[in-house]
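Here is how the chains run, residue by residue.
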Amino acid sequence: MKAIRRFTVRPVLPDALRPLSDLARNLRWSWHAETRDLFQSVDPEHWAASGGDPVRLLGSVRPARLAELAEDRRFLRRLTAVADDLHDYVTGERWYQAHTGELPSAVAYFSPEFGITAALPQYSGGLGILAGDHLKAASDLGVPLIGVGLLYRHGYFRQSLSRDGWQQEHYPVLDPNELPVALLREADGTPAQVSLALPGGKQLHAKIWLAQVGRVPLLMLDSDVEENDLGERGVTDRLYGGGSEHRLLQEMLLGIGGVRAVRTYCRLTGHAEPEVFHTNEGHAGFLGLERIAELCDQGLDFDAGLEAVRAGTVFTTHTPVPAGIDRFDRELVARHFGPDAELPRMDVGRILALGMETYPGGEPNLFNMAVMGLRLAQRANGVSLLHGQVSREMFSGLWPGFDPEEVPITSVTNGVHAPTWVAPEVLRLGARQIGAQRTEDALTVGGSDRWDAVGDIPDQDIWDLRRDLREQLVVEVRDRLRASWRQRGAGTAELGWIDGVLDPDVLTIGFARRVPSYKRLTLMLRDRDRLMDLLLHPERPIQIVVAGKAHPADDGGKRLVQELVRFADDPRVRHRIVFLPDYGMAMAQKLYPGCDIWLNNPLRPLEACGTSGMKAALNGCLNLSVLDGWWDEWFQPDFGWAIPTADGSGTDSDRRDDIEAEALYDLLEQRVAPRFYEHGQGGLPDRWIEMVRQTLTLLGPKVLAGRMVREYVERLYAPAAHAHRTMAPDAARELADWKSRVRAEWHSVTVDHVETTAATTTAELGTTLGLRVRVGLGALGPDDVEVQAVSGRVDEEDRIADAATVPLKPVGGPDHEGRWLYEGPLSLDRTGPFGYTVRILPSHRLLASGAELGLVAVPSEEVVEGAGVLMR
């Protein structure tokens, strides 16, 4: 019979065991081995059955076992030590507290998904895992971060396979009472709530769940409350589900409701109010509107509020393609704002203007969340050097007149949280080498360019570790494969072959990620005969473990999964290649350490960063990847291989796949496999072990989330906090008025005449020329602009590359025509074709970049012809 109601019955812990509850409710256990070991010792069988989730464990352990532990002195000593360690971790000074400099009192970090642990399934892929790692690293560093997201009652889907290999989705119902979260409550004990106004006088209410991620609180909004109608209750039903209006409501709740949740949390707990708001991708962009509305309620107008909000906002873009950005019909957005809906005192036209694609090639009727994010943030970044470059080109329409390299979008390359992703065996080897505390510091705070201590680990120890991790992966794969085939309808008698799947002594390749078409899950199948030869090579075989989920609405992605599964089902190769369904954090934590090679073959440059290869590298796994994302930035032949790309504009997609697949097979056949199987005089693959050592020594410190968060603090959060403090109401009004005046007058700003002291069109290296420029500024003055000389090498079309800019100085007042004369030096500091030009930019002490307004004045064609601009 089916129950009509379900309860979560919590155990009553004996007083001596009460600290277990605190340990279970702080998600630090998800990356702290001693805490996990303690919970495992409570009841090893139930620990395994709970999937390593302390909350579920404590809900299932027998009262008699709890009573027994309450009398166990040895256990109680361990419990006290672990509880004391958590207290020290949460309250003690860390890197941030010891940092000198002007740092924000708090930072609010918004993301649509967070991958903290498999026990809190609120993530779908890389964006969520990155957000989770950001929170954990911030906790380790002591950064006063407040995370803000949504609590999805179905999380992201679970994946299984049909008998013929077609992806099937399942949406388990999550009960927050069974998750490591707690309701945020008012002082009188009632659940705290935030509300949004909906069209037609309706309301969307949401509770606030609190997940404690070490030192960092994560606020998660949940619309499944009784006060809501059925439709509103379903707003936070599942991650990335539903139609446009459903997504819009999710993003309004995340952004607007998220700011209100932060205000509520700070009021109830005394936590410092954030000075910096960081939006991880465009989904939370509406947070800027709520903050403008707050300032308007305090007496600022919209324009001044916008400047104050921009000063303290950081926007991170993760997508390298316009199709990856959420865009909504403008009428849909307009309906949800204004007098009869949310932010009623704000002009709907001003709201729409923030997100409209008002640039060449834009869709004039679409509201673009990333465009709004960029317009509402004074600081923005991509997530690798290459992705920063791609982003500057993709969004250059917002800064017309500027070359892409001058678009104000910088880069902070992603990192991964080592204590989460490094296998315990690898940690133990490091601790044995340099001590537990130094190992923990190296993996969390980082700061070193190299981990030279790895050089002292004997070859035999490294090889034994790699073999041990590979063997563990083989056991894991067989268990998961057996469970998958049972789900597909196979009987036990059909599955004897699984005992021979994979071999702990065979070169093992991992490929696991989401399955959009650009990641090319099936590139390895391009020449199946050749792949089969590699898998079954008599002396140098390879084996491949594949995992990945296609989006539920992506039938093309599902067909790719089915194609791979059908190949892996072939009895000739099924012991050498497997597809594991339901890829998630728990599987990933076994997969990365057990692989020798991590394969990544996206279409370049469509991988913004790609952090899975970083997690593999921290476990001594070598990368074999297209030069995209982070690999483009840090690849060296010492510790991996680069798959050549055929990304010229003249190569069609089929031809490109053929060429790059051929390159992949050649690398595996001629370089990767021979190096793995080539043993030196001592009987070990010396050259392979050296590559593992170089991976750990040189890549290890770079790929840390600790390094990433330190960069965010120093390069983005600290300047944003300074700008926020500087942008007091009077300063915000001043800047808004100045921008309005400059925009209105810019049409009259001109470069009228340019001349140099050069007598000929050739000159010697090191020569300094004098530059004289006459400009018209209309009603503006020299304090409103900067006149610059821009010089550098020129190409065949006279475009300046690697430009250097030098400000010119005004000489005297305006002439009788109102023109200003500017002068300055021009250094000929490089040989070969050289050119210069002159431009005028708006200039104000409160701007973060000269390109901020997207305004620039350059010489007309007539002026250029008389200026002698090229020297060859």
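All values derive from a computational prediction rather than experimental measurement.

As for helix α23 (residues 585-594)
Okay, step 1: For α23, the buried fraction is high: seven of the 10 residues fall into the buried class.
Okay, step 2: Considered for burial, the residues of α23 that qualify are Met585, Met587, Ala588, Leu591, Tyr592, Pro593 and Gly594.

Here we look at a positive patch on the surface
Okay, step 1: A contiguous patch of positive charge on the surface is contributed by Arg73, Arg74, Arg77 and Arg78.
Okay, step 2: Following the sequence through the fold, arginine 77 ends up in helix α6 (residues 73-91).
Okay, step 3: Given a relative accessible area of 56%, arginine 77 falls into the exposed group.

Observations concerning the environment of methionine 524
Okay, step 1: Residue position: methionine 524 is located in the loop between β15 (507-512) and α21 (528-535).
Okay, step 2: With 40 residues separating them in the primary sequence, methionine 524 and leucine 564 have C-alpha atoms 9.2 Å apart.
Okay, step 3: Discounting chain neighbours no more than four positions away, the residues touching methionine 524 are Phe511, Leu531, Ile544, Val546, Leu564, Ile577, Leu599 and Tyr665.

Concerning α6
Okay, step 1: Over its 19 residues, α6 extends 27 Å from the first C-alpha to the last, a length consistent with the 27 Å expected when each residue adds 1.5 Å.
Okay, step 2: Listing the buried residues of α6 in full gives Phe75, Leu79, Val82, Leu86 and Tyr89. Taken end-on, α6 shows its buried residues confined to a sector of 95°, consistent with a single buried face. The exposed residues of α6 that point more than 90 degrees off its buried face are Arg73, Arg74, Arg77 and Thr91.
Okay, step 3: Against the buried residues of α6 lie α1 (18-25), α2 (33-42), α5 (63-70) and α8 (126-141).
Okay, step 4: N-cap assignment for α6: the residue whose side-chain oxygen lies 3.1 Å from the backbone N of arginine 74 is aspartate 72.

Considering the pairing of strand β13 (residues 379-382)
Okay, step 1: Side-chain alternation along β13 places Arg379 and Asn381 on one buried face and Ala380 and Gly382 on a second face that is also buried.
Okay, step 2: Judged from the three bridges that link them, strand β10 (residues 313-316) and β13 form a sheet pairing that is parallel. Note that in β13 the partner of phenylalanine 315 across the bridge is alanine 380.
Okay, step 3: Sheet topology places β13 next to strand β14 (residues 410-411); two bridges connect them, and they run parallel. By the bridge assignment, glycine 382 is partnered in β14 with serine 411.
Okay, step 4: Each parallel crossover has a hand, and the one from β13 via helix α16 (residues 385-394) to β14 is right-handed.

Some remarks on the sheet that holds strand β25 (residues 809-810)
Okay, step 1: Here we have four strands laid out as an open sheet, ordered β21-β22-β26-β25, and antiparallel in their pairing. The sheet is open, and its two edges are formed by β21 (750-756) and β25, each paired on a single side.
Okay, step 2: In this sheet, strand β26 (residues 819-827) lies alongside strand β22 (residues 768-776) in antiparallel orientation, the contact comprising nine bridges. Residue pairing across strands places leucine 769 opposite leucine 826, the latter belonging to β26.

Points about the packing of helix α20 (residues 459-487) against helix α27 (residues 686-699)
Okay, step 1: Running from amino to carboxyl end, α20 crosses α27 at an angle of 85°, the nearest separation of the two axes being 10 Å. Looking at the two axes, α20 sits roughly perpendicular to α27. Two secondary-structure elements touch here, α20 through Asp459, Ile462, Trp463 and Arg466 and α27 through Asp686, Trp688, Ile689, Val692 and Arg693.
Okay, step 2: Class assignment of the residues belonging to the contact of α20 with α27 gives a composition of five nonpolar, no polar and four charged.

Some points on the sheet that holds β15
Okay, step 1: Pairing is parallel across the open sheet formed by six strands, whose spatial order is β17-β16-β15-β18-β19-β20. Across the chains shown, the open sheet's two edge strands, defined by having one partner strand only, are β17 (577-580) and β20 (640-643). Between one strand and the next, the sheet's axes are offset by a mean angle of 20°, whatever the strand orientation.
Okay, step 2: Where β15 and strand β18 (residues 597-600) come together, two bridges link them in parallel fashion. Looking at the pairing, isoleucine 509 lines up with isoleucine 597 of β18.
Okay, step 3: Seen against the sheet, α20 touches β15, β16 (542-547) and β17 and runs at an angle of roughly 60° to β17.

What about a negative patch on the surface?
Okay, step 1: Negative charge collects at one region of the surface, where Glu34, Asp37, Glu440 and Asp441 lie side by side.
Okay, step 2: Of all the secondary-structure elements, those providing two or more residues to the negative patch are α2 and α19 (436-444).
Okay, step 3: The topology assignment puts aspartate 441 in helix α19.
Okay, step 4: For aspartate 441, a relative accessible area of 33% translates into the label partly exposed.

The rules we used
Along each chain, numbering runs from 1 in the same order as the chain's sequence is written. Reporting of local features is limited, given that this is a predicted model, to residues whose pLDDT is at least 70; pairs of side-chain atoms are given and counted only at 80 or more, and all residues count toward the totals for whole chains, interfaces and linings. The basis for the side-chain values is all heavy atoms of the structure; hydrogens and waters are excluded. The buried label applies to any residue whose accessible area, calculated with a 1.4 Å probe on protein chains only, is under 20% of its type's maximum; exposed applies above 50%, and partly exposed to all values in between. Helix and strand labels come from DSSP, where a helix needs a run of H or I of at least four residues and a strand needs a run of E of at least two; each type is numbered from the N terminus. Two distance rules govern patches: like charges are joined within 9 Å, and nonpolar side chains (Val, Leu, Ile, Met, Phe, Trp, Tyr) within 5 Å, applied only to residues with over 30% relative accessible area and no salt bridge. Only the protein chains shown count as covering a residue, and every accessible area follows the Shrake-Rupley method with a 1.4 Å probe. Within this document, salt bridges are pairs made up of a side-chain nitrogen of Lys or Arg and a carboxyl oxygen of Asp or Glu, the two lying within 4 Å of each other. Residues counted as positive are Lys and Arg, residues counted as negative are Asp and Glu, and His and the chain ends are not counted. In this description, the location of a charge corresponds to atom NZ of lysine, CZ of arginine, CG of aspartate or CD of glutamate. Contacts are assigned to residue pairs that have any heavy atoms within 4.5 Å of one another. The span one expects for a helix is its residue count, reduced by one, times 1.5 Å. Directions pointing from the helix axis toward each C-beta atom define the arc. Here a polar contact is recorded for every N or O atom pair within 3.5 Å, except that within protein the pair must consist of a potential hydrogen donor and a potential acceptor, and residues adjacent in sequence are included only if both atoms are side-chain atoms. Two strands form a pair only when DSSP identifies at least two bridges running between them. Handedness of a crossover is defined as follows: orient the strands so they point away from the viewer, and if the path from the first strand over the helix to the second runs clockwise, the crossover is right-handed. Structural elements are reduced to axes, namely lines fitted to C-alpha atoms, with helices fitted over the stretch in contact, and the angle between N-to-C directions of any two is expressed from 0 to 180 degrees. Angles below 35 degrees are treated as roughly parallel, those above 145 as roughly antiparallel, those between 65 and 115 as roughly perpendicular, and all remaining angles as oblique. Ten residue types, Ala, Val, Leu, Ile, Met, Phe, Trp, Tyr, Cys and Pro, are classed as nonpolar, four, Asp, Glu, Lys and Arg, as charged, and the remainder, Gly among them, as polar.

Don't take any of this as a statement about function, it's just geometry.
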